[in-house]
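Chain residues, written in single-letter form:
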Amino acid sequence: MNKQLTRGLLLTFIFSATAPAYAEQGWRLFAGTEDDFQFKPTLSLMTGAIDSDEIMPDAGMAYGIEASFACPLIQSPGNKIRQQISYMNYDEDNVTLHTVEANVHYRIAVSEKVKAGFGPGIGYVRSEIADKTTNMLAGQLGASL
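Residues numbered from 1 in each chain as written. Predicted model: local features only at pLDDT ≥ 70, side-chain atom pairs only at ≥ 80, totals over all residues. Heavy atoms only, no water.

Focus: the overall build of the chain
Counting its regular elements, the chain contains 1 helix and 8 strands. Residue pairs at least 24 apart in sequence account for 45% of intrachain contacts in the chain once pairs closer than 6 positions are excluded. When the accessible surface of the chain is split by element, carbon and sulfur atoms take 61% of a total near 10,300 Å². (Helix = DSSP H or I, 4+ residues; strand = E, 2+ residues; numbered from the N terminus. Contact = heavy atoms within 4.5 Å. Areas by Shrake-Rupley, 256 points an atom, 1.4 Å probe, with all protein chains shown as cover.)

Quick look at the structure:
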């Protein structure tokens, strides 16, 4: 049997076997279908520096936008999981980067108004370096504050 199929079946079995225990603790699948589900959307501007000595002589500024909302697919007790979708752009020194990312972040309260988050994500990166264009899929672990 194909190894990927075997792994998929094993993960499905494990998830199915443990789902009732998580449901008893308040975890919810497809929370977005609930009548009282609240998306609580936010929109943010992002900026940062990109520095790679191998392809750029100096660091440059990147900028973008991010939308965030309560994750409609899976939700923890206390609604601590957020879905984040972002776009970033960098264009300097003959290097252009465009990224689109989707991240799921589990958030923990640091104080009454500040939360720290972390979680996995997937993305798409389009790079243009000196007339060569490359399209790539990306995987990441993210952190936020």
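Points about the packing of aromatic side chains
Aromatic ring pairs are described here by two measures, namely the spacing of the ring centres and the angle between the planes. Using the criterion set out here, one finds 3 aromatic pairs in the structure. Consider the rings of Phe37 and Phe39, whose centres lie 4.9 Å apart with planes at 90 degrees: the pair is edge-to-face. For Phe37, a relative accessible area of 13% translates into the label buried. On the numbers, 6.1 Å between centres and 55 degrees between planes, the contact of Tyr106 with Phe118 is tilted. With Tyr106 in strand E6 (residues 95-109) and Phe118 in strand E7 (residues 115-129), this pair connects stretches of sequence that are 12 residues apart. (Phe/Tyr/Trp six-rings, centres within 6.5 Å; stacked < 30°, edge-to-face > 60°. Buried < 20%, exposed > 50% of the residue type's maximum accessible area, 1.4 Å probe, protein only.)

With respect to unusual backbone geometry
With a phi close to 45 degrees, Lys40 is a non-glycine residue in the positive phi region. You can see Lys40 is positioned in the loop between strand E1 (28-29) and strand E2 (42-50).

Side note on the sheet that holds E2
The 6 strands are arranged E2-E3-E5-E6-E7-E8 in an open sheet whose pairing can be described as antiparallel. One side of each edge strand has no neighbouring strand; the edge strands of this open sheet are E2 and strand E8 (132-144). Between one strand axis and the next, the sheet turns by 20 degrees as a mean value, whatever way the strands run. (Pairing = 2+ DSSP bridges. Axes fitted to C-alpha atoms, helices over the stretch in contact; angles between N-to-C directions.)

Details of the pattern of salt bridges
For the coordinates displayed, the defined rule picks out 2 salt bridges. Residue Arg126 is joined to Glu128 by a salt bridge in which the shortest nitrogen-to-oxygen separation is 3.1 Å. (Salt bridge = Lys/Arg side-chain N within 4 Å of Asp/Glu carboxyl O.)

What about the environment of Ile74?
Note that Ile74 resides in strand E4 (residues 74-75). Taking the C-alpha atoms as reference, Ile74 lies 5.7 Å from Phe30; in sequence the two are 44 residues apart. Setting aside chain neighbours within four positions, we find Ile74 in contact with Trp27, Arg28, Leu29 and Ile81.

What about a nonpolar patch on the surface?
On the surface, a cluster of nonpolar side chains totalling about 770 Å² of accessible area is made up of Leu43, Leu45, Ile65, Tyr87, Val100, Tyr124 and Leu137. Along the polypeptide, Tyr87 turns up in strand E5 (residues 81-92). (Patch = residues over 30% accessible without salt bridge, like charges linked within 9 Å, V, L, I, M, F, W, Y side chains within 5 Å.)

A closer look at the pairing of E8
Pairing of E7 with E8, which is carried by 13 bridges, proceeds in the antiparallel orientation. Pairing of Gly121 across the sheet is with Gln140, part of E8.

Brief notes about the nonpolar core
Ala62, Met88, Tyr90, Val95 and Leu97 together form the largest nonpolar core, which totals 5 residues. Taken together, the elements giving at least two residues each to this core come down to E5 and E6. Contacts of Leu97, omitting those with residues within four sequence positions, involve Ile50, Met88, Asn89, Tyr90, Arg126 and Ser127. (Core = buried A, V, L, I, M, F, W, Y, C linked by side-chain atoms within 4.5 Å.)

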